[in-house]
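Chain residues, written in single-letter form:
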Amino acid sequence: MAFNSALPNQEFLWGIFQKVDKDRSGYISADELQMALSNGTWTPFNPETVRLMIGMFDKESRGTVSFQDFGALWKYVTDWQQCFRSFDRDGSGNIDKQELQTALSTFGYRLSEPTVETIVRKFDRMGKNTILFDDFIQACIVLHTLTSAFRQHDQDQDGIITLHYEQFINMVFSLKT
Ligand SMILES: [Ca+2]
Ligand SMILES: [Ca+2]
């Protein structure tokens, strides 16, 4: 997924970083990030999404994000917010089946309606047939990971792969989702 907004200036980022880094350790932990993020409801931000995001920007593999990598993380979150808002056509604060279908086809996925329904069911934590902001990010990251894994086996890019049982098990267990 390609985002193209500019990175904010360092002073601005440092202000945010200090607010998020509650224990002043100089690093943002998953708990601190979770507290700082909002999905637009009073429910806690999806911890799986927080874990995925920390993992993406945690260059030092400490399970935390330093100020150096915080800019990229901040940009990532705000870009997702914009993306989410642009696909939430009716401004309901969540993404329904139609909105997800539009979003995914814009991202270049060719998925049938039943498949999109399956994705909504999987990431609908509220049981309302819609997806919240944090779950939307998780859904897109997981879909991206699954698609990349599939493509590695789909040498001729025809959308079909043949896997032996153990290849399948290996593929699933080596996924970082
Ligand atoms: Ca900290
Ligand atoms: Ca909506």
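Residues numbered from 1 in each chain as written. Chains lettered and ligands numbered in written order. Predicted model: local features only at pLDDT ≥ 70, side-chain atom pairs only at ≥ 80, totals over all residues. Heavy atoms only, no water.

1. Concerning the coordination of the calcium ion (ligand 1)
Moving on, step 1. For the calcium ion (ligand 1), the full set of protein donor atoms is Asp 21 (OD), Asp 23 (OD), Ser 25 (OG), Tyr 27 (O), Glu 32 (OE) and Glu 32 (OE), and the range of their distances to it is 2.3 to 2.5 Å.
Moving on, step 2. For the calcium ion (ligand 1), the six donor atoms are set out with angles of 53 to 157° between them, so the coordination reads as irregular.
Moving on, step 3. Site description for the calcium ion (ligand 1): donor spacing in sequence, D-x1-D-x1-S-x1-Y-x4-E.
Moving on, step 4. By relative accessible area, Asp 23 is classed as exposed at 52%. (Donors = N, O, S within 2.8 Å, 3.2 Å for Na, K, Ca; no water. Tetrahedral: all angles 85-135°; square planar, octahedral: opposite > 155°, others 65-115°. Buried < 20%, exposed > 50% of the residue type's maximum accessible area, 1.4 Å probe, protein only.)

2. Let's talk about the coordination of the calcium ion (ligand 2)
Moving on, step 1. Every protein donor of the calcium ion (ligand 2) is listed here as Asp 88 (OD), Asp 90 (OD), Ser 92 (OG), Asn 94 (O), Glu 99 (OE) and Glu 99 (OE), and their distances to the metal cover 2.2 to 2.6 Å.
Moving on, step 2. Around the calcium ion (ligand 2) sit six donor atoms, and with donor-metal-donor angles ranging over 52 to 153° the site reads as irregular.
Moving on, step 3. Linear spacing of the donor residues for the calcium ion (ligand 2) on their chain is D-x1-D-x1-S-x1-N-x4-E.
Moving on, step 4. The class of Ser 92 is partly exposed, set by a relative accessible area of 38%.

3. Regarding the packing of aromatic side chains
Moving on, step 1. In the structure shown here, the tally under the stated rule is twelve aromatic pairs.
Moving on, step 2. On the basis of an interplanar angle of 90° and a centroid distance of 5.6 Å, the ring pair of Trp 80 and Phe 136 is categorised as edge-to-face. Note that Trp 80 is positioned in helix 4 (residues 67-87) and Phe 136 in helix 7 (residues 133-153), a separation of 56 residues in sequence. Here the two residues Trp 80 and Phe 136 agree in accessibility, since each one is buried.
Moving on, step 3. Here the aromatic cluster, defined as three or more aromatic residues joined through ring pairs, consists of Phe 45, Phe 57, Tyr 76, Trp 80, Phe 84, Phe 133 and Phe 136. (Phe/Tyr/Trp six-rings, centres within 6.5 Å; stacked < 30°, edge-to-face > 60°. Helix = DSSP H or I, 4+ residues; strand = E, 2+ residues; numbered from the N terminus.)

4. Concerning the packing of helix 4 against helix 7
Moving on, step 1. Where helix 4 contacts helix 7, the axes come no closer than 10 Å and their chain directions differ by 100°. It follows that helix 4 is roughly perpendicular to helix 7 by the angle criterion. Seen from helix 4, the contacting residues are Tyr 76, Val 77, Trp 80, Gln 81, Cys 83 and Phe 84; seen from helix 7, they are Phe 133, Phe 136, Ile 137, Cys 140 and Ile 141.
Moving on, step 2. Partitioned by chemical class, the residues of the contact of helix 4 with helix 7 number ten nonpolar, one polar and no charged. (Axes fitted to C-alpha atoms, helices over the stretch in contact; angles between N-to-C directions. Parallel < 35°, antiparallel > 145°, perpendicular 65-115°, else oblique. Contact = heavy atoms within 4.5 Å. Nonpolar A, V, L, I, M, F, W, Y, C, P; charged D, E, K, R; others polar.)

5. Overview of the environment of Val 65
Moving on, step 1. Its place among the elements puts Val 65 in strand 2 (residues 64-66).
Moving on, step 2. For Val 65, a relative accessible area of 0% puts it in the buried group.
Moving on, step 3. Sequence separation between Val 65 and Lys 176 is 111 residues; the distance between their C-alpha atoms is 18 Å.
Moving on, step 4. Once residues within four sequence positions are removed from consideration, Val 65 is found in contact with Phe 17, Tyr 27, Ile 28, Ile 54, Phe 57, Asp 58, Phe 70 and Leu 73.

6. Thoughts on the pattern of salt bridges
Moving on, step 1. The final tally for this structure, using the stated rule, is seven salt bridges.
Moving on, step 2. Across the pair Arg 51 and Glu 48 runs a salt bridge whose closest N-O atoms are separated by 2.7 Å. Taken together, the positions of Arg 51 and Glu 48, both in helix 3 (residues 47-57) and three residues apart, correspond to about one turn of that helix.
Moving on, step 3. You can call Glu 48 partly exposed: its relative accessible area is 29%.
Moving on, step 4. Arg 125 is the partner of Asp 135 in a salt bridge, and the nearest nitrogen-oxygen pair spans 2.9 Å. Of the two residues, Asp 135 is situated in helix 7 and Arg 125 in the loop between helix 6 (113-123) and helix 7; the sequence distance between them amounts to ten residues. (Salt bridge = Lys/Arg side-chain N within 4 Å of Asp/Glu carboxyl O.)

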